[in-house]
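# Residue-level structural notes
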Amino acid sequence: MAENQECSSASSCSRESCEGCPSRNGGGPQSFIEELNPFSSVKKVIGIVSGKGGVGKSFVTASLASAMRKQGYETGILDADITGPSIPKMYGIHGPAEGNDMGLFPIPAQDGTKIMSLNLLVDDEEAPVVWRGPVIASTVKQFWHDVYWGDLDYLFVDMPPGTGDVPLTVFQSLPVDGIIIVTSPQELVHLIVKKAINMAGMMNIPVLGIVENYSYLKCPDCGKEIKIFGESHLEEAAAKRNIPVLGKMPLNPEYARLADEGKFHQLENSYLEEAVKKITNI
Ligand SMILES: Nc1ncnc2c1ncn2[C@@H]1O[C@H](COP(=O)(O)OP(=O)(O)OP(=O)(O)O)[C@@H](O)[C@H]1O
């Protein structure tokens, strides 16, 4: 690294990484983008990101894929949350996924969204995935290259929470067109979210907007909105960074029930219309 001082700080390392620095290779930046499955085409790749776990990232991923599907687009979900895959359970789908020379076939949900997740490949869905980071990262790349996605308009990538190895691999290896950040109204969460936004900036990935989940709970008797996590201040935080707020979803016990029972396709979620518009226009 001594000859390569401009790459010595985290803030200067982007998709190209140190290996790709012109001063090192004597040429243009080296791309680390993996080749897509040769029999597939994917028009847009959207990453769904959160600062911490449990804020509803998988729920938003599935909601957006289903909403785009309802508009007539071909959609897929690449479940990059390898150690905590929850997408198949939400749709009530099970493996084993099969394949042929063209690749591994994703399993379609009831609405036609094509899904690939580690839980569709393992014998025991409840066994923990005790793998080292590089193995997890290479699985994500295989989901891109070895899965026969067919022709997709939108592939949604459900990322693991935080700014670790897998988000880095996805940002470096997949041609991500933009990310949507999912957050909850707690202050602490916002601090962590800033890291996710900064990471996207470092990797030159556009942040399409922020979706807030668990914004309120509607009282089933009087309809009053109860802000269980307090006031969100999301608008101020987003405006400061020039990032649009693309939706605020209530905590709805009916949503939790449908997702738990694997009936996600029955769910009506009208809170993400702005996000859908944004994705349609990229
Ligand atoms: N608005 C909501 N109303 C009710 N239940 C919700 C809502 N959003 C998410 N849930 C439920 O909360 C649980 C956690 O959501 P989800 O799995 O999407 O979180 P996550 O951020 O992806 O978590 P992790 O990062 O740990 O995988 C799930 O059971 C999901 O169905």
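Residues numbered from 1 in each chain as written. Predicted model: local features only at pLDDT ≥ 70, side-chain atom pairs only at ≥ 80, totals over all residues.

## Considering the packing of helix H2 (residues 57-70) against helix H9 (residues 273-280)
Test applied: Axis angles are defined between N-to-C directions and span 0 to 180 degrees, where every axis is a line fitted to C-alpha atoms and, for a helix, only to the segment in contact. Secondary structure elements follow DSSP: runs of H or I no shorter than four residues count as helices, runs of E no shorter than two count as strands, and numbering proceeds from the N terminus. In these notes the angle categories are as follows: under 35 degrees is roughly parallel, over 145 is roughly antiparallel, 65 to 115 is roughly perpendicular, and the rest is oblique. Helix crossings fall into two classes, left-handed where the near helix is turned counterclockwise from the far one by less than a right angle and right-handed where it is turned clockwise. Whether two residues are in contact depends on their C-beta atoms, placed from the backbone: they are in contact if these lie within 7 Å. Side-chain classes follow a simple rule in which Ala, Val, Leu, Ile, Met, Phe, Trp, Tyr, Cys and Pro form the nonpolar group, Asp, Glu, Lys and Arg form the charged group, and the remainder, Gly included, forms the polar group.
At a minimum axis distance of 10 Å, the contact between H2 and H9 shows a crossing angle of 65°. Taken as axis vectors, H2 and H9 run roughly perpendicular relative to one another. Note that H2 runs across H9; the crossing there is right-handed. Residues Leu64, Ala67 and Met68 of H2 pack against Ala275, Val276 and Ile279 of H9. For the contact of H2 with H9, the residue count by class is 6 nonpolar, no polar and no charged.

## Re the environment of Met68
Among the secondary structure elements, Met68 is positioned in helix H2. Met68 sits 212 residues away from Thr280 along the chain, and the two C-alpha atoms are 8.2 Å apart. Setting aside its immediate chain neighbours within four residues, Met68 contacts Tyr73, Thr75, Tyr154, Val276 and Ile279.

## Details of the confidence of the model for the protein chain
Spelled out, the test is: Per-residue confidence from the predictor is reported as pLDDT, which spans 0 to 100.
Model confidence for the protein chain is summarised by a mean pLDDT of 86, while 88% of its residues fall at 70 or above. Predicted confidence for residues 1-13 stays below pLDDT 50, and this span has 17 contacts to residues more than four positions away or in other chains. Residue range residues 18-28 is modelled with pLDDT below 50. Its contacts to residues more than four positions away, or to other chains, number 21 contacts. In the predicted assembly, ipTM is 0.97 and pTM is 0.88.

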